[in-house]
Amino acid sequence: MNIIVCLKQVPDTETQIKVGSDGKSIVTDDIKWVMNPYDEHGVEEALRIKEKFGGEVTIVGLGPKRVTESIRTALAMGADKGMLISDEALEGSDSLAVAKALAAAIKELDYDLIFSGQRGVDDDMGVVGANIAELLDIPQLSVIDKVEVAEDGKSVKVNRPIEGSTLVIESPLPALITTQKGLNEPRYASLPGIMKAKKKPFDEKTLSDLGLDAAEFGEGARKVKVLEIKPPPAREAGKIVEGETPQEKAAGLAKLLHDEAKVI
Amino acid sequence: MAQGVWTIAEQRGGEIRKITYEIISEGRRLADALGQDLTVLLLGSNIKEKAAELGNYGADKVLVADDPRLEAYTTDAYASVISELVKADDPAILLLGASAEGKDLSARLSGKLGVGMAQDCTAFAVEDGNLVATRPIYAGKAYARVTFENSWPQMATARPKVMDINEPDTSRSAEVLDAAFSLDDGALKTKVVDVLKDESGKVDLTEADKIVSGGRGMKGPENYKILEDLADLIGATVGASRSAVDAGWRPHSDQVGQTGKVVSPGLYIACGISGAIQHLAGMSTSKVIVAINKDADAPIFQKADYGVVGDLFDVVPALTEEVKKYIES
């Protein structure tokens, strides 16, 4: 069973986001970049399936050179091979263009199953996985928190939580699964794992290596144009409910929620 | 030239879901701003009787795709039918709800149609005849205003519970039309083999009107009982912070925040939650925020409309008793 895991690097979720002086970007100076948290679940699940069925796990990342570090982390966790799609022309690409580049790279590989995070915790779009599946003409299984590959390795059964219930879905392979928290507990890279990762195959590809036209990528090719990025609407600190005892405070709060906010 | 606003209705088990009324109402406002028609696309099996009522909320036309294979949502069937219909009619705007179904469907559709998409938007406007969408990014740590270029239809999804629902006007009805489509069985690869109902009957956090959430200050899973008592009384869903989920006190599906669910209830009561930035990001679009915390310096108080500095183990049960007086009177 050969498995691809798509990887994105995002600002650590503790990062305070500051808007750049152009009003159209964020300040990236002091950002700590980490593997997208949902992608960690993809790496872990791929490793568990490989441990059962054999085969290879290949990490395919896209972005600037710094993404290499997160791919190395995945290799240290136990993945077999890494690939980074990196090209200046990719800078500023939208989801569809990113999916095009990833799909072009994956098409050249041998795969039964593809994992990607259900969304990047930066742009919060959650469409790259589905767009890759469309471009490869395979089924997508979105926001999945349980994966069972059939014994014969030809199909997969997944759990997809939706509002108020969980759908159990069967799909033939190959398929693309987007991962949700709860799927598994990602392992940490061990020290021997980190040492071994340094010797594992790692490829770097440009757009032309993938046979793609740079004009279809980057800021200029965006179909969704950013007009403005702004801080969230300010929320003023409100009233502190005073009182001598917890009961008095609770009574004051209940009164405000009823009389003023009218929510109870 | 692309004309008209289209919205996709969402039904489950033959019942129209609330998000449908939210996006039809917003679609109506956009159609008015453009001076164009609003068409609602309804997919299902034996679903036609639900179509006319959608006119009450602002639909001019309801296009019904009725087929046994469309009874329950599947990505394969819905994306195939909708992309065919969209290509044939060429609408200017295509609007969906950012529900579990809408997010899955819109993502696949944007690929099929080869268009850009704005996911999980909180506001829309028409400027110079073009759709401008506002959407939270970094789970709400920043907001982006975006528009579309050489990308038709202009496609977006709306965050549940954000768009106001129009007062239904029963004198208004929609023209109901049968959609002509082809659906190749060979394109249907996935199959829903089981539906595991959440027996608790609780409303999903993303759709809840009220949320009572507990964090590290809850000290252990057994203590959530006091939050459940309050939640049951006011009709709220119980949520949790990342630290409570990571500690194994609550299931992953309860997590509110940047790596959990992003929520917009009318009332959010944060108990023993200090207000880590990734948590605040996930609930800052709540209408009324209440914080109950021992630590007067906790960052959550900077976002709260009402704060109580005190021990939640005293304040929450007392609040439940006080609220009971209003509800019972």
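Cut-off values and rules
- Residues numbered from 1 in each chain as written.
- Chains lettered and ligands numbered in written order.
- Predicted model: local features only at pLDDT ≥ 70, side-chain atom pairs only at ≥ 80, totals over all residues.
- Heavy atoms only, no water.
- Helix = DSSP H or I, 4+ residues; strand = E, 2+ residues; numbered from the N terminus.
- Rg over C-alpha atoms; globule rule 2.2 N^0.38 Å.
- Buried < 20%, exposed > 50% of the residue type's maximum accessible area, 1.4 Å probe, protein only.
- Contact = heavy atoms within 4.5 Å.
- Areas by Shrake-Rupley, 256 points an atom, 1.4 Å probe, with all protein chains shown as cover.
- Lys, Arg positive; Asp, Glu negative; His and termini not counted.
- Charge placed at Lys NZ, Arg CZ, Asp CG, Glu CD.
- Salt bridge = Lys/Arg side-chain N within 4 Å of Asp/Glu carboxyl O.
- Polar contact = N/O pair within 3.5 Å; in protein donor to acceptor, adjacent residues only side chain to side chain.
- Core = buried A, V, L, I, M, F, W, Y, C linked by side-chain atoms within 4.5 Å.
- Pairing = 2+ DSSP bridges.
- Domains from an automatic or database assignment.
- Buried area = accessible area lost by both parts, 1.4 Å probe.
- Phe/Tyr/Trp six-rings, centres within 6.5 Å; stacked < 30°, edge-to-face > 60°.
- Lys NZ or Arg CZ within 6 Å of the ring centre and 35° of its normal.
- Axes fitted to C-alpha atoms, helices over the stretch in contact; angles between N-to-C directions.
- Expected span 1.5 Å × (residues − 1).
- Right-handed = clockwise from strand over helix to strand, strands pointing away.

Let us now look at the overall build of chain B. A count of helical and extended segments in chain B gives 7 helices and 18 strands. On C-alpha atoms alone, chain B measures out to a radius of gyration of 22 Å, which is about the 20 Å that the 2.2 N^0.38 rule sets for 329 residues. Dimensions of chain B along its principal axes, counting C-alpha atoms only, are 60 × 45 × 40 Å. Out of the 329 residues belonging to chain B, those deemed buried represent 60%. Partitioning the contacts of chain B with sequence separation of at least 6, the portion at a separation of at least 24 is 64%. About 12,200 Å² of surface is accessible on chain B, with carbon and sulfur atoms providing 46% of the total. Of the charged side chains in chain B, 35 are positive and 49 negative, and the gap between their average positions amounts to 4 Å.

Taken residue by residue, the interface counts 89 residues in chain B and 78 residues in chain A. At the boundary of chain B and chain A, one finds 9 salt bridges. Here B:Arg17 makes a salt bridge to A:Glu163, at a shortest N to O gap of 3.8 Å. Here chain B and chain A share 51 residue pairs in polar contact (both at pLDDT 80 or more) between them.

Core analysis: the largest hydrophobic core is formed by 42 residues, its most contacted members being B:Leu42, B:Leu54, B:Val62 and B:Phe124. If one sorts the elements of this core by residue count, helix 1 (residues 18-34) of chain B sits on top with 5 residues. Formed by 36 residues, the second largest nonpolar core is a distinct cluster that contains A:Val57, A:Leu167, A:Leu173 and B:Ala100.

Right, let's get into the pairing of strand 1 (residues 5-8) of chain B. Residues and elements named next belong to chain B. On strand 1, burial covers both faces: Val 5 and Thr 7 on one face and Trp 6 and Ile 8 on the other are all buried. Relative to strand 4 (residues 38-44), strand 1 is paired through 4 bridges, and the arrangement is parallel. Looking at strand 4, one finds that Ile 8 is bridged to Leu 41. Where strand 1 lies against strand 6 (residues 93-97), 3 bridges are found, and the strand directions are parallel. Opposite Val 5, over in strand 6, you have Ile 93 as the bridge partner.

Glancing now at the domain arrangement of chain B. It is common to report an interface's size as the accessible area lost on association of the parts. Residues and elements named next belong to chain B. Domain parsing of chain B yields domain 1 (5-187) and domain 2 (205-328). Each of domain 1 and domain 2 has a C-alpha centre, and these two points are 33 Å apart. Of the residues lining the interface, 10 residues belong to domain 1; the matching set on domain 2 comes to 13 residues. Carbon and sulfur atoms make up 48% of the area that domain 1 and domain 2 hide from each other, which totals about 990 Å².

This next bit is on the domain arrangement of chain A. By domain assignment, chain A separates into domain 1 (3-221) and domain 2 (236-264). Centre-to-centre, using C-alpha coordinates, domain 1 of chain A lies 46 Å away from domain 2 of chain A.

We now examine the packing of aromatic side chains. Within a pair of aromatic rings, the relevant descriptors are the distance that separates the centres and the angle that separates the planes. Overall, the coordinates contain 2 aromatic pairs over all chains when judged by the stated rule. Centre to centre, the rings of B:Tyr21 and B:Tyr57 are 4.3 Å apart; their planes meet at 35 degrees, and the pair counts as tilted. With B:Tyr21 in helix 1 and B:Tyr57 in the loop between strand 4 and strand 5 (61-66), this residue pair connects regions lying 36 residues apart in the sequence. Comparing B:Tyr21 with B:Tyr57, the two get one shared label, buried. Aromatic side chains B:Tyr73 and B:Tyr78 sit 5.0 Å apart centroid to centroid with 75 degrees between the ring planes, which places their arrangement in the edge-to-face category. A single burial state applies to B:Tyr73 and to B:Tyr78, both of which are buried. In this structure, A:Arg66 is placed above the aromatic ring of A:Trp33, and the distance from its NZ or CZ to the ring centre is 3.5 Å. A cation over an aromatic ring shows up here: A:Arg72 above the ring of A:Phe202, its NZ or CZ 4.9 Å from the ring centre.

Okay, the sheet that holds strand 10 (residues 142-148) of chain B next. On the basis of which strands lie adjacent, the open sheet formed by 4 strands has the order 13(A)-10(B)-9(B)-8(B) and antiparallel pairing. Edge positions in the sheet fall to strand 13 (224-230) of chain A together with strand 8 (123-127) of chain B, since each of these pairs with one other strand and no more. Averaged over all pairs of adjacent strands, the angle between their axes in this sheet comes to 25 degrees, without regard to strand direction. Pairing between strand 9 (residues 130-137) of chain B and strand 10 of chain B: 5 bridges, direction antiparallel. Looking at strand 10 of chain B, one finds that B:Thr134 is bridged to B:Arg145. The strands touched by helix 1 of chain B are strand 8 and strand 9 of chain B; relative to strand 8 of chain B, the strand with the most contacts, the crossing angle is about 10 degrees.

Before going further, it helps to examine helix 1 of chain B. Residues and elements named next belong to chain B. The first and last C-alpha atoms of helix 1 sit 25 Å apart over 17 residues, in line with the 24 Å expected at 1.5 Å per residue. Among the 17 residues of helix 1, 12 are classified as buried, and the element is accordingly described as predominantly covered. Here helix 1 has its buried residues at Ile 19, Thr 20, Tyr 21, Glu 22, Ile 23, Ile 24, Ser 25, Glu 26, Gly 27, Arg 28, Leu 30 and Ala 31.

What follows deals with unusual backbone geometry. Here the amide bond leading from A:Leu173 into A:Pro174 is cis, since omega sits at 5 degrees, within 30 degrees of zero. With respect to the element layout, A:Pro174 can be found in the loop between strand 10 (165-172) and strand 11 (175-179). Residues B:Trp152 and B:Pro153 are joined by a peptide bond in cis, for which omega reads -5 degrees. Mapped onto the secondary structure, B:Pro153 falls in the loop between strand 10 and strand 11 (154-158). Unusually for a residue other than glycine, B:Asp120 sits at a positive phi of about 60 degrees. Counting through the fold element by element, B:Asp120 comes out in strand 7 (residues 117-121). Residue class for B:Asp120 comes out buried when judged on its relative accessible area of 12%. With phi around 55 degrees, B:Ala139 is a residue other than glycine that occupies positive phi space. Its location among the elements puts B:Ala139 in the loop between strand 9 and strand 10. A relative accessible area of 1% places B:Ala139 in the buried class.

Residue and element names in this part refer to chain B. Summarising burial for strand 16 (residues 267-271): 5 of the 5 residues are buried, a large majority. Note: strand 14 (residues 210-214) against strand 16, 5 bridges, orientation parallel. Looking at the pairing, Ile 211 lines up with Tyr 268 of strand 16. Note: strand 16 against strand 17 (residues 288-293), 5 bridges, orientation parallel. Opposite Ala 270, over in strand 17, you have Ala 291 as the bridge partner. Handedness of the crossover joining strand 16 and strand 17 through helix 6 (residues 277-283) is recorded here as right-handed.

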